[in-house]
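Close look at the chain arrangement
Letter by letter, the chains look like this.
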Amino acid sequence: MARFESDSLTKRSSKFENFLKKNLDESTYERIRAYEPCIVCSHREQKAFKYVVLSDECLYLTENPPKTLSTAVKLENLFEIDLIDDLPDFLSGQEQRNTTHIQINYWDETVAKVKPSSRPSSQNSMHQEDTDQEVTSSSVDKLSAARSKLDLGDDSDGEVVSDPMSKSMPEGSLKSMLKQSHPNGRHPLKSTFKKVTIQDQSRIGNKHVSSKPEHKTDNNLSVPTPDQQVGSKVSKRMTLHLYMLVPDSKMLVLIRSAVNNFLIRSTLYIDSEELTQDGALYLQKGKHSSDLGGKTLSVKIDMLFSTLTKELMDPGNTMEQTFELVQELKTATEKYFHLKRLFWKSGDIFAKLVSILKVYLPKSPHANINNDLGRAQRADEFELIILIIQTIGLMFRETEIFPSRLRVLRSGSGRLIQDLIEVITCFPSLPVKYVPPTSKASKLLMQTEADKWKCLADMEIHELFVEFTSASTSVLFELLVIAQQSHWGRSENSFFNVNWLMNVLENLNTTNKFLERIIGQAMRFVQPSKKVELSPQEAILVFQEFYIQHAIMVYSPPLASFISNNYTEEFKYYIQGPVLQEKLPEFYPISMRTILLIQEVMSQVLQKKVQLLPEKRFIQ
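Before going further, it helps to spend a moment on the packing of aromatic side chains. In total, this model carries 20 aromatic pairs according to the counting rule given. Here Phe-16 and Phe-19 contribute two aromatic rings whose centre-to-centre distance is 5.7 Å and whose plane-to-plane angle is 50°, an arrangement assigned as tilted. Placement of the pair is Phe-16 and Phe-19 together in helix H2 (residues 14–23), with a separation of 3 residues, close to one helical turn. Here Phe-19 falls in the buried class, since its relative accessible area comes to 10%. Taking the centre distance of 5.1 Å and the plane angle of 85° together, the rings of Phe-587 and Tyr-588 count as edge-to-face. Through a chain of ring-to-ring contacts, the aromatic side chains of Phe-16, Phe-19, Tyr-35 and Tyr-51 assemble into a single cluster.

In structure tokens:
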């Protein structure tokens with residue numbers, strides 16, 4: 001059990017897994033992040049002993065023992081999460097001391113569709129009165145017995161019992177499955193996500209101002225409030241209290257992570273251009289996609305992954321062959337979440353990808369990168385480097401549900417993670433910028449075709465270098481999220497937490513230069529310029545850049561001092577509230593969370609409270 005505890009963020013129960021499989025479609029079940037026993041207090045029920053289930057789109061509640069599964073809060077309606085430091089008066093002894101109190105504020109648009117009413121809507125399926133279970137003194141005494149009914153945590157391997165695949169995935173040969181590429185390798189979303197438009201987000205316009213004083217808590221998550229009146233609906237602020245009964249519960253940090261991931265996915269979806277009629281995004285045709293007909297989908301994917309693994313591990317691969325194989329792996333993973341599970345079952349491919357990066361970073365294996373051939377070779381190397389880093393970032397994203405991931409990352413005392421951080425934060429060798437020879441022709445601004453080609457090559461490499469920095473930023477963001485999840489509720493000496501990660505960064509002589517690059521890029525995005533609105537991809541990158549800066553300001557005094565000592569003027573003059581509102585439009589789901597992060601980082605750097613937007617824009 002000790003080994004299991006160190007490898008998994010949450011405990012698993014085979015009985016509860018079977019219940020979820022029966023009550024959820026397979027694609028939703030595949031993305032369940034966590035479930036824990038808790039006591040629920042809300043407007044419909046008081047002190048009900050239940051289970052809370054977290055998916056990538058909502059929170060569910062079910063009885064204990066489970067009978068029916070109902071949606072409690074959709075993540076899109078959640079605007080505030082607080083950790084409340086108190087001891088519930090309805091519990092006592094060890095149960096009281098081990099309880100974690102989470103307060104969730106959200107908007108309920110189903111309370112009244114025609115006119116407001118003090119009585120909750122009958123259509124609200126969040127809580128069921130007929131299943132309310134009051135936690136009296138007798139029920140508290142039965143807490144341990146009730147919990148043992150489900151044998152929560154008895155599965156020592158920490159894996160989900162079965163490995164279901166979505167029924168919505170196409171049947172037939174893999175060749176027909178991998179027939180079309182989505183644009184620019186964008187992260188695909190399930191068709192259940194509604195495209196966010198300005199009209200859809202019109203409710204964010206005229207904000208309702210609550211008279212409730214601001215509630216200050218640790219690492220509080222707040223986003224702006226929507227209108228109370230939305231068409232014929234009336235949105236009402238609701239509060240859900242969850243008293244988590246598992247010692248050192250990680251539900252709070254997992255909910256926060258799920259909200260951030262939801263905002264990122266929703267923002268990316270705005271940028272999606274090519275959807276099929278049913279909303280599904282299909283894959284690029286690959287060389288491993290044929291001659292697999294007749295097998296079930298899970299078997300096909302397993303065979304594809306096995307073949308890709310075997311070929312990727314071949315030491316005789318050329319750079320072009322490696323690029324093709326990694327591209328096929330990335331494209332397939334964007335379609336099938338199941339491939340992430342296979343990726344983390346062993347650390348072989350992860351170790352291989354990191355080793356390839358070390359071949360080309362920081363220096364090129366090519367002898368001379370300053371001649372024409374060397375410049376072209378280095379550009380090709382950068383394309384492979386960027387693809388590998390993007391693939392690793394994709395494998396990190398939303399895979400905290402796999403206990404095997406943490407085992408891989410912790411193997412070898414974290415050597416692979418240290419190697420990865422070293423290569424993504426390094427300053428790679430670049431060809432010397434071409435300078436035309438001083439001559440009469442050059443003074444007259446005349447250039448030969450060779451001169452023009454070399455200048456264009458410099459521009460290409462510069463663009464690839466910027467893309468390399470962006471991809472590296474995204475991976476470091478994912479590593480920070482993993483470290484924070486691992487850190488939550490554990491002792492300061494536990495391995496691979498935020499303090500360990502910050503120590504690795506502090507000991508690298510490349511970290512300061514890397515911070516200069518990401519802060520400089522962030523400032524170019526948010527400072528006043530002719531470009532009014534950032535793209536969804538750029539908005540997400542800004543969020544990730546300031547997320548990293550915020551973590552550094554909180555957890556690393558040496559790096560925080562570097563930022564404060566070198567970028568006070570930039571934070572003071574480059575960042576302006578009205579400009580941010582134009583750069584990060586309200587119909588981007590990630591925008592307000594990003595502005596809050598920027599505001600927090602500015603307050604820490606400038607050592608004074610900064611308010612970028614009027615107080616009425618936020619929950620009070």
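Judged by nonpolar contacts, the single largest core of 143 residues is most densely connected at Leu-242, Phe-350, Phe-396, Leu-420, Phe-546, Phe-571 and Ile-575. By residue number, the principal contributor to this core is helix H17 (residues 449–487), which donates 13 residues. In this view, Phe-546 contacts Ala-522, Val-526, Phe-571, Ile-575, Leu-597, Ile-598 and Val-601; residues no more than four positions away in its chain are not counted. Phe-16, Leu-20, Ile-32 and Leu-69 belong to the second-largest nonpolar core, a separate cluster that totals 12 residues.

Inspection of every chain in the model, using the stated rule, returns 16 salt bridges. Close ionic contact of Arg-33 with Glu-398 constitutes a salt bridge, the shortest N to O distance being 2.6 Å. Residue Arg-33 is found in the loop between helix H3 (26–30) and strand E1 (34–41), and its partner Glu-398 is found in the loop between helix H13 (372–396) and helix H14 (403–410); the two are separated by 365 residues along the sequence. By relative accessible area, which is 3% here, Glu-398 ends up buried. Ionic pairing is found between Arg-415 and Asp-419, a salt bridge with its closest N-O pair at 3.0 Å. Remark: Asp-419 and Arg-415 occur in helix H15 (residues 415–425); sequence separation between them is 4 residues, near one turn of the helix. Judged by relative accessible area, Arg-415 falls into the partly exposed class, the value being 39%. Residue Asp-419 is classed as buried on the basis of its relative accessible area of 10%.

The rules behind each value
- Residues numbered from 1 in each chain as written.
- Predicted model: local features only at pLDDT ≥ 70, side-chain atom pairs only at ≥ 80, totals over all residues.
- Heavy atoms only, no water.
- Phe/Tyr/Trp six-rings, centres within 6.5 Å; stacked < 30°, edge-to-face > 60°.
- Helix = DSSP H or I, 4+ residues; strand = E, 2+ residues; numbered from the N terminus.
- Buried < 20%, exposed > 50% of the residue type's maximum accessible area, 1.4 Å probe, protein only.
- Core = buried A, V, L, I, M, F, W, Y, C linked by side-chain atoms within 4.5 Å.
- Contact = heavy atoms within 4.5 Å.
- Salt bridge = Lys/Arg side-chain N within 4 Å of Asp/Glu carboxyl O.

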